[in-house]
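# Coordinate analysis (summary)
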Amino acid sequence: MRKRPDPARSASPLWRFALLLALLLAALFAARPVSLSGDILEYSVNTVGIATHGTPDLRIEDFERTKALAPERFTPLFAMLQDEMRRGVQDVYPAFQRGSSGHVYSVHFFGYPMMAALPLRLLEALGQEPFKAFQVVNLVFVFILGLALHRFFGASGRAALALALFMLCGGLLYWNWSSPETVGAASLLAGLLLFTAGMPVAGSVLAGLAAQQNPTIVFFFLFAPFIRAAVGRMQPIPSVSLARLVSALGLGLAVAAVPVLFNLIEYGVPNLIASRFSRASLISTTRLVSFFFDLNQGMILAIPGVLLGLLLARGAALRLLLLCFALTLALVLPALAVINWNSAAAGPMRYAFWAAMPLLFALLAMLRELRRWRVAALGAVLLVQGAAMAHAVRYEYNEFSPLATLVLRHLPRHYYPEPEIFAERMAHHDNWVEPDRVHSFHLDGWRFRTLVNDSDPHAATSLCGPGAQLAPDNAFTRSSRGWRYIDGQVVCLANGVRQYTWLVDDIVAGGPVQLGAGWRGREATGVPSDGARSQLRVRAPQGIRPAVLVLRGSGRTHVTAGGVDLGWHALDAAPVIALPAAAQAAVLDLTLEHEAPGAVILQEVSVRPSTGSTP
């Protein structure tokens, strides 16, 4: 690999690059509305409060003013907080906290709102959307990153392509969010660039600002000197005295320490969010793998092209890559303790965006060595990254990604998400994942995968009905925190007899059990009949020939299967109906003629195989 030429010979005017970049970012600002996403509940009122009275403590009138600016969906929460503040409630809504001074603050540090306060006032004065102030702050840091890239490469074209790569690694997804992900990612990357390009003070201060938004970025100050030395083995870097490096690191640490000091003074802990919203017991290899490789929100979705480029690392570049990966791990490991793992995201999770910056830096350092960039190779990286961003905008964080859905459908045994991701995306909500609840995923009407917890004493009843147990030979796959997956149809044991059971969720899904004419649809107690007769089709699992039919619910009904009379049965007693040989078939077409029209409710359909069936 040939060394690139001296930057002094190829340097292009910084002012021209800065002007063009500023114009481009201004056009981007004008073209897109702000996305009120992430922790907007806190950042909105905090920004309004600082813009109004210049301090981060929140007052009742701050909420009143914010209600007039924010979407109506926040009004009830703001009104509740106002009421709690009037009544002097100590433990206010969890996104906020009353400090030792008696004032109420947001649990997230106020550094980001403080930066957005002045743009908010200016935008209000100009009659523009006030909360586009968050875009202003985000784009200012993208601009700073652009200048850092120009310093690093000494050429406008290379800096522009590198900035485009940053945007394709998540910047396009988060620059218009009302949260500091872009600030953290851009500051961290710019900090690494400047620290190794002869501006350690600026680099350290930027890293300190990044650490204010995401505290684990404080590990920058441990790794930065070693990363700088590794870059120096690859290519000439500006000489900086040891005293200047140490002073720069100290200054950056001081910037990073401001939120820690504030938290200690007001709350008595170094980090309120860590103490309230994280648990060390949640750290696991399952989450570590999820962070990097989950097909819904993992880092692999943020930087697939970058990772492909890094496969070319050799020699000194490989040593740098290992250091950068170690820094990424240091950023990631504490984040594995967060309670809300499936938090709001635009494709890749927010943590994955900024934690990927050391790896992007390693690739940029490799590119800096090259005299000429290979158009085909760089184009491939950009193309893959563009495809990743296009994939990310196709789904919300409370639904499975197109890639995850594809793998679940065709290669299901190769993908078992972290339990919270599976449960919340399956149910399309962001909520607490309780261990005493069964989570099921149906695909094309068939029970595809089920998530149960060992601590749930009612799991068997939820899946098999009263009195039955889960068979030990179900296709179990162990996950973390007592959760385990069951693939495919759940197999039950009723009085020691093997049984396949479909409860209300399965019945209304329209897979193995299909409702024909004479049913009204799901209600709280089950599936009620409509009229004097109801039709039902039951498809047994592949290789199974049912010998026994169980119907549970309420009401009396006369059952026939394929024209074979099976007699009258009271569904309240969950009758075990033996199927004569003439009625035994892989597909049972049942007709139920009710004693009283509309008086039957169906809650369970089960079949038990004949002894000759394949288990």
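Residues numbered from 1 in each chain as written. Predicted model: local features only at pLDDT ≥ 70, side-chain atom pairs only at ≥ 80, totals over all residues. Heavy atoms only, no water.

It is worth spelling out the overall build of the protein at this point. Scanning the protein from N- to C-terminus turns up 23 helices and 18 strands. Considered along the principal axes of its C-alpha atoms, the protein spans approximately 95 × 65 × 40 Å. For the protein, the residues scored as buried account for 55% of the 615 residues in total. Excluding contacts between residues fewer than 6 apart, the proportion of contacts in the protein whose partners are at least 24 apart in sequence is 72%. When the accessible area of the protein is evaluated, it comes to approximately 25700 Å², of which 61% is carbon and sulfur surface. Computed over 50 positive and 40 negative side-chain charges, the inter-centroid distance for the protein is 15 Å. (Helix = DSSP H or I, 4+ residues; strand = E, 2+ residues; numbered from the N terminus. Buried < 20%, exposed > 50% of the residue type's maximum accessible area, 1.4 Å probe, protein only. Contact = heavy atoms within 4.5 Å. Areas by Shrake-Rupley, 256 points an atom, 1.4 Å probe, with all protein chains shown as cover. Lys, Arg positive; Asp, Glu negative; His and termini not counted. Charge placed at Lys NZ, Arg CZ, Asp CG, Glu CD.)

With that settled, consider the pairing of strand S9 (residues 497-503). The buried count for S9 comes to 5 of 7 residues, which makes it a mostly enclosed element. Examined bridge by bridge, strand S8 (residues 491-494) and S9 share 4 bridges and lie antiparallel to one another. Paired with Cys 492 across the bridge in S9 is Gln 499. Taking the residues that link successive antiparallel strands as the turn, the S8-S9 hairpin has 2 residues, and the phi of Asn 495 there is positive, at about 55°. One ladder, built from 4 bridges, connects S9 with strand S18 (residues 601-609); its direction is antiparallel. Bridging across to S18, Tyr 500 finds its partner in Val 607. (Pairing = 2+ DSSP bridges.)

Turning our eyes to something else, we now look at the packing of helix H7 (residues 133-153) against helix H8 (residues 156-174). Two elements in contact, H7 and H8, have axes whose closest approach is 8 Å; the angle formed by their N-to-C orientations is 145°. Considering only the axes of H7 and H8, their crossing is right-handed. Across the interface between the two elements, Asn 138, Val 142, Leu 145, Gly 146, Leu 149, His 150 and Phe 153 of H7 pack against Ser 156, Arg 158, Ala 159, Ala 162, Leu 163, Phe 166, Met 167 and Tyr 174 of H8. (Axes fitted to C-alpha atoms, helices over the stretch in contact; angles between N-to-C directions. Left-handed = near helix turned anticlockwise from the far one by under 90°.)

Together, Val 218, Phe 219, Leu 222, Phe 226 and Leu 253 line one region of the surface with nonpolar side chains, adding up to about 430 Å² of accessible area. With respect to the helices, strands and loops of the structure, Val 218 is situated in the loop between helix H10 (200-213) and helix H11 (220-234). Residue class for Val 218 comes out partly exposed when judged on its relative accessible area of 33%. (Patch = residues over 30% accessible without salt bridge, like charges linked within 9 Å, V, L, I, M, F, W, Y side chains within 5 Å. Salt bridge = Lys/Arg side-chain N within 4 Å of Asp/Glu carboxyl O.)

Our next topic: unusual backbone geometry. Its identity is not glycine, yet Arg 481 carries a phi of approximately 55°, on the positive side. Mapping Arg 481 onto the fold places it in the loop between strand S6 (475-478) and strand S7 (483-487).

Examined against the element boundaries, Gln 90 turns out to sit in the loop between helix H5 (75-86) and strand S1 (96-98). Spatially, the C-alpha atoms of Gln 90 and Ala 509 are 46 Å apart, while their sequence positions differ by 419 residues.

Okay, the state of the cysteines next. The full count for this structure, using the stated rule, is 1 disulfide. Two residues, Cys 464 and Cys 492, share a disulfide whose sulfurs are 2.1 Å apart. What sets the handedness of the Cys 464 and Cys 492 disulfide is the S-S torsion sign, and at about -80° it is left-handed. Here Cys 464 is found in helix H22 (residues 459-464), whereas its partner Cys 492 is found in strand S8, with 28 residues between them in sequence. (Disulfide = S-S within 2.5 Å.)

Take the sheet that holds strand S17 (residues 587-594) next. Here 5 strands make up an open sheet; going across it, the order is S10-S12-S17-S14-S15 and the pairing antiparallel. Single-partner strands in this sheet number two, and they are strand S10 (513-515) and strand S15 (564-570). Direction aside, the axes of adjacent strands within the sheet are offset by 25° on average. Bridge analysis of S10 against strand S12 (residues 533-539) gives 3 bridges, and the strand direction is antiparallel. Directly across from Leu 515, in S12, lies its bridge partner Leu 536.

Residues Phe 96, Phe 166, Phe 291, Phe 361 and Leu 364 are the most contacted members of the largest nonpolar core, which totals 134 residues. Contacts of Phe 166, omitting those with residues within four sequence positions, involve Val 142, Leu 145, Gly 171, Ala 185, Ala 186, Leu 189, Phe 353, Met 357 and Leu 360. With 30 residues, the next largest nonpolar core counts Tyr 500, Val 564, Leu 592 and Val 600 among its residues. (Core = buried A, V, L, I, M, F, W, Y, C linked by side-chain atoms within 4.5 Å.)

What follows concerns the packing of helix H3 (residues 40-53) against helix H4 (residues 60-69). Put simply, H3 and H4 touch, their axes get as near as 9 Å, and they point 115° apart. The handedness of the crossing between H3 and H4 comes out as right-handed. Taken together, the residues of H4 that come into contact with H3 (itself represented by Ser 44, Val 45, Val 48, Gly 49, Thr 52 and His 53) are Asp 62, Phe 63, Arg 65, Thr 66 and Leu 69. The class makeup of the residues in the contact of H3 with H4 is 4 nonpolar, 5 polar and 2 charged. (Nonpolar A, V, L, I, M, F, W, Y, C, P; charged D, E, K, R; others polar.)

Spatial strand order, S3-S4-S7-S6: 4 strands in an open sheet with antiparallel pairing. Two strands bound the open sheet, and with one partner strand each, they are strand S3 (439-443) and S6. Across the sheet, the mean angle separating the axes of adjacent strands is 20° when strand polarity is ignored. In this sheet, strand S4 (residues 446-453) lies alongside S3 in antiparallel orientation, the contact comprising 5 bridges. The residue of S4 that forms the bridge with Ser 440 is Thr 450. The strands touched by helix H21 (residues 419-427) within the sheet are S3, S4 and S7, with S3 carrying the most contacts at an inclination of about 60°.

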